[in-house]
Amino acid sequence: MHRPGRIEVVCGSMFSGKTEELIRRMRRAQFARQRVEIFKPAIDVRYSEEDVVSHDQKHIQSTPIDSSASILLLAGDIDVVGIDEAQFFDDGLVDVCNELANRGVRVIVAGLDMDFRGKPFGPMPALCAIADDVTKVHAICVTCGSLAYLSHRKVDNDKRVLLGETQEYEPLCRECYLQELRAKS
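Notes on the structure follow.

The rules behind the values
- Residues numbered from 1 in each chain as written.
- Predicted model: local features only at pLDDT ≥ 70, side-chain atom pairs only at ≥ 80, totals over all residues.
- Heavy atoms only, no water.
- Helix = DSSP H or I, 4+ residues; strand = E, 2+ residues; numbered from the N terminus.
- Contact = heavy atoms within 4.5 Å.
- Pairing = 2+ DSSP bridges.
- Axes fitted to C-alpha atoms, helices over the stretch in contact; angles between N-to-C directions.
- Disulfide = S-S within 2.5 Å.
- Buried < 20%, exposed > 50% of the residue type's maximum accessible area, 1.4 Å probe, protein only.
- Core = buried A, V, L, I, M, F, W, Y, C linked by side-chain atoms within 4.5 Å.
- Phe/Tyr/Trp six-rings, centres within 6.5 Å; stacked < 30°, edge-to-face > 60°.
- Lys NZ or Arg CZ within 6 Å of the ring centre and 35° of its normal.

## Things to note about the environment of cysteine 128
Part 1 of the reasoning: Mapping cysteine 128 onto the fold places it in helix 4 (residues 124-130).
Part 2 of the reasoning: Distance from cysteine 128 to valine 10, taken between C-alpha atoms, is 8.8 Å for residues 118 residues apart in sequence.
Part 3 of the reasoning: The contact partners of cysteine 128, leaving out residues within four places of it in the chain, are Val9, Cys11 and Val134.

Below, the structure is given as structure tokens:
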């Protein structure tokens, strides 16, 4: 039976449940006896070198890779491809996802839509544009309890990519984020 390909994007700030949602969708596909493969950037070794792990310790086996081109090489006879932390991949990820979807593969991509400065992050904006479905998930602002807007970096480091957790980042709503910026200037 031929399944139509599609691209599903799950995006939002840190601590919003993106990876948890990716794992949930991938487990449902496994339960339906679909052939699945999950990829993550090799640089992301926060919880595990191999598995994709959510902040609440849910995990699923994955294949760490260094570039998006590897996905096409490793996803030969697969029904569903999952990609975690997509913001860390190169811009070629957009073409890879399109190629897979055009082959009839369901592609589920999870990643940060914005960096700690509130700027669109990596291939995520383009993936959102070409996706069949985009789910924006939200954390809760640690200051006021509203829906979080972005991942505020609490440490003094200007590098765009800084792997971290609650010691380095906190979810803030737009208003609380702007207050933080004003307080620093």
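## Digging into the sheet that holds strand 8 (residues 133-137)
Part 1 of the reasoning: The sheet built from six strands is open, its strands ordered 5-2-6-7-1-8 with parallel pairing. Every other strand in the sheet has two partners, leaving strand 5 (63-65) and strand 8 as the edge strands with one partner each. Put simply, the sheet's adjacent strands are angled 20° from each other on average, direction ignored.
Part 2 of the reasoning: In terms of strand pairing, strand 2 (residues 36-41) meets strand 5 through three bridges, oriented parallel. Paired with phenylalanine 39 across the strands is threonine 63, a residue of strand 5.

## A closer look at the state of the cysteines
Part 1 of the reasoning: For the structure shown, the criterion picks out zero disulfides.
Part 2 of the reasoning: The thiol of cysteine 144 is unpaired, and the distance to the nearest cysteine sulfur, on cysteine 173, comes to 3.6 Å.

## Section: unusual backbone geometry
Part 1 of the reasoning: Here the phi dihedral of phenylalanine 15 falls at roughly 65°; this positive angle occurs in a residue that is not glycine.
Part 2 of the reasoning: For phenylalanine 15, the location among the structural elements is in the loop between strand 1 (6-12) and helix 1 (18-31).
Part 3 of the reasoning: Exposure remark for phenylalanine 15: the relative accessible area of 23% places this residue in the partly exposed category.
Part 4 of the reasoning: Although it is not a glycine, glutamate 85 sits at a positive phi angle of roughly 55°.
Part 5 of the reasoning: Along the chain, the position of glutamate 85 falls in the loop between strand 6 (80-83) and helix 3 (93-102).
Part 6 of the reasoning: A relative accessible area of 10% places glutamate 85 in the buried class.

## Some points on the side chain of aspartate 113
Part 1 of the reasoning: Mapped onto the fold, aspartate 113 is located in the loop between strand 7 (106-112) and helix 4.
Part 2 of the reasoning: Owing to a relative accessible area of 12%, aspartate 113 belongs among the buried residues under this scheme.
Part 3 of the reasoning: Leave out the neighbours within four places in its chain, and aspartate 113 touches Cys11, Gly12, Ser13, Lys119, Pro120, Phe121, Met124 and Lys136.

## Thoughts on the nonpolar core
Part 1 of the reasoning: The biggest cluster of nonpolar side chains holds 24 residues, and the ones touching the most others in it are Ile71, Val81, Ile83, Val109 and Leu127.
Part 2 of the reasoning: Elements supplying a minimum of two residues to this core: strand 1, strand 6, helix 3, strand 7 and helix 4.
Part 3 of the reasoning: With six residues, the top contributor of residues to this core is helix 3.
Part 4 of the reasoning: Counting ten residues, the second-largest nonpolar core is a separate cluster that includes Val10, Met26, Ala29 and Val80.

## Re the pairing of strand 6
Part 1 of the reasoning: On strand 6, burial covers both faces: Val80 and Gly82 on one face and Val81 and Ile83 on the other are all buried.
Part 2 of the reasoning: One ladder, built from four bridges, connects strand 2 with strand 6; its direction is parallel. Bridge pairing in strand 6 places phenylalanine 39 opposite isoleucine 83.
Part 3 of the reasoning: The pairing of strand 6 with strand 7 spans four bridges and is classified as parallel. By the bridge assignment, isoleucine 83 is partnered in strand 7 with valine 109.

## Points about the packing of aromatic side chains
Think of a pair of aromatic rings as described by two things: how far the centres are apart, and how the planes are tilted against each other in angle.
Part 1 of the reasoning: For the structure on display, the rule yields two aromatic pairs.
Part 2 of the reasoning: Taking the centre distance of 6.0 Å and the plane angle of 85° together, the rings of phenylalanine 88 and phenylalanine 121 count as edge-to-face. Remark: phenylalanine 121 occurs in the loop between strand 7 and helix 4 and phenylalanine 88 occurs in the loop between strand 6 and helix 3; sequence separation between them is 33 residues.
Part 3 of the reasoning: When its relative accessible area of 5% is taken as the criterion, phenylalanine 121 is described as buried.
Part 4 of the reasoning: Look at tyrosine 149 and tyrosine 177: their rings are 6.4 Å apart centre to centre, the planes differ by 55°, and that puts the pair in the tilted class. With a gap of 28 residues between them, tyrosine 149 in the loop between strand 8 and strand 9 (150-153) and tyrosine 177 in helix 5 (residues 174-184) connect regions that are remote in the sequence.
Part 5 of the reasoning: Here tyrosine 149 falls in the partly exposed class, since its relative accessible area comes to 21%.
Part 6 of the reasoning: With relative accessibility at 7%, the residue tyrosine 177 sits in the buried group.
Part 7 of the reasoning: Across the ring face of phenylalanine 116, the terminal group of arginine 153 is positioned such that the distance to the ring centre comes to 3.6 Å.

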